[in-house]
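Observations on the model geometry
Each chain is listed here by its residues.
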Amino acid sequence: MKRTTSIAAAFLLLSSVIYAQDDNKYRSDNSDEFRTLLGHNRRNGFYGAFTLGYSEIGNRDGVIFGGRMEWITGHSLGVGIGGTGFINENHYEATLNSDVFLTGGYGGLILEPILMPKYPVHFSFPVLLGAGGISYVTKDDDLARNMIRDSETFLIVEPGAEIELNLTKNFRLSIGTSYRLTTPFDVGTNGVQAVSSKSIRAFSYLITFKVGRF
């Protein structure tokens with residue numbers, strides 16, 4: 001919670017600093033003109049994005065990576081599809097005498113309300129509705145390969161919040177967080193403590209690069 005509170009406070013501070021600047025430099029007679037940090041943008045339409053981030057998965061550090069494509073309607077609502085992959089760090093499991101890790105992914109429909117999109121700094125609230133899978137994997141050093149011991153599927157809802165910077169008319173950078181909510185599952189092997197769905201119900205901390213016509 002402390003980490004989440006700190007990130008939220010940083011978002012609000014950055015937004016306050018930007019909006020405290022003289023707004024006259026951004027004014028225009030055209031009410032549809034976008035305001036950016038490095039220029040102006042009057043376009044709208046669609047974008048593609050790539051995301052990197054961190055999250056705890058199975059109570060261990062994990063890496064998040066993914067992408068999405070969205071069509072933007074009226075500059076204020078994105079609708080599209082996206083997918084996310086994840087993997088956590090290797091750790092030794094004595095009952096298997098092997099290093100193990102969790103990996104998987106999910107994807108689906110994305111709805112993204114965007115607040116004050118014409119300002120150089122604004123907010124968006126993407127929500128993913130979809131399905132995914134997770135695998136329990138062991139590492140065989142002798143054979144130099146990984147072996148999937150068990151896999152499970154799940155449904156997922158992942159709401160998020162982002163602070164977004166209009167850097168140029170075709171490029172945006174966002175920093176945000178999201179929370180994974182999944183249907184119940186248990187993944188593991190005989191003789192090993194199963195990993196439940198609670199293991200991936202956690203916050204992710206993300207940076208997203210967006211390119212397109214906004």
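Okay, so let's go over this structure. The structure displayed is predicted, hence computed values, not measured ones.

**Overview of the pattern of salt bridges**
Counted according to the given criterion, the structure contains 7 salt bridges. Notably, a salt bridge pairs Lys210 with Glu112, separated by 3.1 Å at the nearest N-O pair. Of this pair, Lys210 sits in strand 15 (residues 203–213) while Glu112 is found in strand 7 (residues 98–115), placing the two residues 98 residues apart along the sequence. By relative accessible area, Lys210 is classed as buried at 0%. A salt bridge links Lys210 to Glu164; the nearest nitrogen and oxygen atoms lie 2.4 Å apart. Of this pair, Lys210 sits in strand 15 while Glu164 sits in strand 10 (residues 145–168), and the two are 46 residues apart along the sequence. Take Lys210 and Glu164: they sit in the same class, and that class is buried. Each of Arg68, Glu70, Glu112, Glu162, Glu164, Arg172 and Lys210 takes part in a single network of salt bridges with overlapping partners.

**Some points on the nonpolar core**
Of all hydrophobic cores here, the largest spans 17 residues; its most connected members are Leu102, Ile134, Phe154 and Val187. Elements represented by at least two residues in this core include exactly strand 7, strand 9 (127–140) and strand 10. Looking at this core, the element that brings in the most residues is strand 7, giving 4 residues. Counting 6 residues, the second-largest nonpolar core is a separate cluster that includes Val121, Ile163, Leu165 and Leu167.

**Some words on unusual backbone geometry**
Look at His75: it is not a glycine, yet its phi comes out positive at around 65°. Looking at where His75 falls in the secondary structure, it is placed in the loop between strand 4 (60–73) and strand 5 (77–88). The class for His75 is buried, based on a relative accessible area of 14%. Here Met116, not a glycine, exhibits a phi torsion of approximately 50°, which is positive. Take Met116: it is sitting in the loop between strand 7 and strand 8 (121–124).

The rules behind the values
Residues numbered from 1 in each chain as written. Predicted model: local features only at pLDDT ≥ 70, side-chain atom pairs only at ≥ 80, totals over all residues. Heavy atoms only, no water. Salt bridge = Lys/Arg side-chain N within 4 Å of Asp/Glu carboxyl O. Helix = DSSP H or I, 4+ residues; strand = E, 2+ residues; numbered from the N terminus. Buried < 20%, exposed > 50% of the residue type's maximum accessible area, 1.4 Å probe, protein only. Core = buried A, V, L, I, M, F, W, Y, C linked by side-chain atoms within 4.5 Å.

Fair warning: the whole summary comes from geometry, so function is off the table for now.
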